[in-house]
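# Observations on chain architecture
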Amino acid sequence: MPLAKITTLAGRGLSVPGNDIDTDRIIPARFLKAVTFEGLGEGLFYDARKAVPAGQVHPLDDPRFRGASILLSGANFGCGSSREHAPQAIRKFGFHAVIAESYAEIFFGNATTIGLACVSADRADIARIAAAMEGDPAMAITVDLVKQEIRFGGSMAPLTMRDAARDALVNGRWDPIGELLDGREAAAMTAARLPYLAVPAK
Amino acid sequence: MAQTLFQKVWQAHSVRTLANGQTQLLVGTHLIHEVTSPQAFGMLRDLGLKVAMPHRTFATVDHIVPTDQRTEPFGDPLADAMIKELRRNCAAHGITYFDLASGRQGIVHMVGPEQGITQPGTTIACGDSHTSTHGAFGAIALGIGTSQVRDVLATQTIALAPLKVRRINVEGRLRPGVYAKDVILHLIRTLGVNGGTGFAYEYGGEVFDRFSMEERMTVCNMSIEGGARVGYVNPDETTFAYLKGRPYSPTGAAWDAAVQRWKATASDAGCSYDDLVTIQAGDIPPTVTWGINPGQGIAITENIPDPAKATAADEKSAIEEALAYMKLKAGAPIKGTRIDVAFLGSCTNARLSDFKEVARHLKGHRVAAGVKAIAVPGSQIVGRLCAELGIDQVFRDAGFEWREAGCSMCLAMNPDKLVGDQLCASSSNRNFKGRQGSPTGRTLLMSPLMVAAAAVRGSVADAREVFGVS
Ligand code: SF4
């Protein structure tokens, strides 16, 4: 199963600031009442978007940022529930990369497995990018996983990403299913060595 | 060399190293439920794959089931489609499924232990972040995403990098009226909601040695709220006594052999940890959250934080955002805050011992006028045991609604929801914005007895005062 090599992602940005943005906020539980991931994009940040006071607009609904494909946020992004619906909704809305200070672990793993690049950057750098974006919403942002840098409006900021995840994206093996399937025989041997697995359960 | 339980279990289940450096890890036990599995079965179908080890996957239905009217079809067609899809997938792949009619249905994290499926020294995965609960038995149990559910179904393995291990000792004795829930809320408050990123938490010390399995489960359950994907307690006699005689527990000579193996999986004396934290049990108060993440907790005797007194800009904005959402007043006591709903349930605190402890104190008290109070056993078995002991009647007499087993108002994917900006005293694990089903609903996390105290007073109260605990 050849997968695309995800090396650079370029596009316009959009910022949903804040720390500890949980997956319930990213996609409220009622949107999980389905047997497929179809249509999840519409539920992205649904309640947060509805809760915006009159006269203001949520970044996701701000016409200036329409068509953005790079999402900016704060620390511990994606904490809470393990629902893969969260990165799926982000993807389906049209984002290909997230730039945040840090991520909750399960979210990060889920995102990588579906090829959504979650890179980390310093708070000050994220603020710089957001400020530049505010001045020029059409500004192009490039997330370069190979050079490990973010380029925007003639400026540059370093990015970090866990080696295993970066390697997986850059080399087109972010979905591990192929490799795991290749290891099925080895897995059966490991299972045979474990007494509780060697005997089929009742 | 002396090793931690984590290292031993990890090694025993390591299949091989993958190209990106991650480990292909064997998953001994796989648990599934109706919300995060249908898409995984769909992916399997798309790839033309079969379930590799169907006898190592167990299913139940918990998130979407109604807790009152349970005849099918359910009133909610989406929920009805989900239970039918799970039933169909389990039948098609030969997976054991604890359905509503089995008498063994319940929240997935209650069913595993009750059935003796959750065992020491094993790896357990489930498409649910509170899988950490099973770590109470000395298992490496972790929440996974739906693509990984697919991976487990197809290969019985996942790709994962090992975690560091932080040992957390809680020494001394808990004060009266302080529970396992307070221990974990206090730990999260102390170490932060992302303090556990990259770590497995190994809980130990006097308090854990003395804890029952149910108390250990309450703490391990909320490891994820502290950012730790895995939390565990080393197996000991308490663990073995709990497992003895359960439907899936080994018997006869196999039991003796298993106990020997289980003992050997515990962390060795003198093993080294990546980090060590020690907490004095006597310092832990009955704790209540006031904000929008589980780390925003205070002692019942404390005042709600004031952003003006925050030392960092970050902290200030976090407090402001939380108070704006929670509609609470900076600097005011949390005690006395009026509540609308009391919810006693969830995989954190809906076990027999939770209801028993509350019933013991609730007898003779009444839920305050205007408060909707619901008690939801986490499993059908807990419901039956409570009925046998007359516990359900104590709750009903006090004015609680006594419901059937499920996740219920913990995340409100079923009809049990907050309405508008109702404030709920809840024994569950998450106080995120909108968590309990209303986009403006508000949640205060606390121990079951504190939920009962709030229900009786109609406002947040110190259970020690309400019930004369000393
Ligand atoms: S009770 Fe709540 S936290 Fe536990 S599995 Fe159900 S929804 Fe998740």
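Residues numbered from 1 in each chain as written. Chains lettered and ligands numbered in written order. Predicted model: local features only at pLDDT ≥ 70, side-chain atom pairs only at ≥ 80, totals over all residues. Heavy atoms only, no water.

### Here we look at helix α6 (residues 163–170) of chain A
Burial analysis of α6(A) places six of its eight residues in the buried class, which makes it a mostly covered element. Looking only at α6(A), the buried set comprises A164(A), A165(A), R166(A), A168(A), L169(A) and V170(A). (Buried < 20%, exposed > 50% of the residue type's maximum accessible area, 1.4 Å probe, protein only. Helix = DSSP H or I, 4+ residues; strand = E, 2+ residues; numbered from the N terminus.)

### As for the side chain of R430(B)
Considering the arrangement of structural elements, one finds R430(B) in the loop between β18 (423–426) and β19 (442–445). The buried category is assigned to R430(B), whose relative accessible area is 2%. Polar side-chain contacts of R430(B) include one of 2.8 Å to the side chain of S129(B). At a separation of 2.7 Å, a polar atom in the side chain of R430(B) contacts the side chain of E225(B). If near-sequence neighbours (up to four positions away) are discounted, R430(B) is found in contact with G80(A), S81(A), S129(B), H130(B), I224(B), E225(B), R435(B), T443(B) and L445(B). (Polar contact = N/O pair within 3.5 Å; in protein donor to acceptor, adjacent residues only side chain to side chain. Contact = heavy atoms within 4.5 Å.)

### Here we look at the environment of D416(B)
All names here are of chain B. Positionally, D416 belongs in the loop between β17 (401–402) and β18. The spacing of D416 and K316 is 100 residues in sequence and 34 Å in space, taken between C-alpha atoms. In this structure D416 touches T67, I374, R403, S408 and M409, once residues within four positions along its chain are discounted. Engagement of the side chain of D416 in a polar contact is seen with the side chain of T67, the distance being 2.7 Å.

### A short note on the pairing of strand β1 (residues 8–15) of chain A
Residue and element names in this part refer to chain A. Where β1 meets strand β5 (residues 140–144), five bridges bridge the pair, whose relative direction is antiparallel. Paired with G11 across the strands is I141, a residue of β5. Relative to strand β2 (residues 70–72), β1 is paired through three bridges, and the arrangement is parallel. Counted as the bridge partner of L14 is L71 from β2. (Pairing = 2+ DSSP bridges.)

### Focus: the interface of chain A and chain B
Contact residues are listed per partner, giving 54 residues for chain A and 75 residues for chain B. On the chain A side of the contact with chain B, K33(A), E105(A) and Y196(A) bury the most area, a combined 15% of that side's loss. At the boundary of chain A with chain B, the tally comes to five salt bridges. The partner of D24(A) in a salt bridge is R435(B), and the shortest N-O contact between them spans 2.9 Å. Applying the counting criterion to the chain A and chain B interface returns 20 residue pairs in polar contact (both at pLDDT 80 or more). Secondary structure elements with two or more residues in the side of chain A that touches chain B: α1 (23–26), α4 (105–113), α6, α7 (177–182), α8 (184–193) and α9 (195–198) of chain A. (Buried area = accessible area lost by both parts, 1.4 Å probe. Salt bridge = Lys/Arg side-chain N within 4 Å of Asp/Glu carboxyl O.)

### What to know about the pattern of salt bridges
When the charged atoms of two side chains lie near each other, side chains of opposite charge can form a pair. Residue and element names in this part refer to chain B. Tallied over the entire structure, the rule returns 41 salt bridges over all chains. The shortest N-O distance in the salt bridge between R210 and E206 comes to 3.3 Å. Separated by four residues within a single helix, R210 and E206 lie in helix α7 (residues 206–210), roughly one turn from each other. Of the residues examined, E206 reaches a relative accessible area of 36% and is grouped as partly exposed. Members of the salt-bridge network, linked through shared partners, are E72, D80, K84, R87 and D99.

### Quick notes on the sheet that holds strand β9 (residues 164–171) of chain B
Residues and elements named next belong to chain B. Spatially, four strands are ordered β11-β10-β9-β12 in an open sheet, and the strand pairing comes out parallel. At either margin of the open sheet sits one strand with a lone partner, and together these are β11 (230–233) and β12 (275–280). Taking the axes of each pair of neighbouring strands and ignoring which way they run, one obtains an average angle of 20 degrees across the sheet. In the sheet, β9 pairs with β12 via six bridges, with the strands oriented parallel. (Axes fitted to C-alpha atoms, helices over the stretch in contact; angles between N-to-C directions.)

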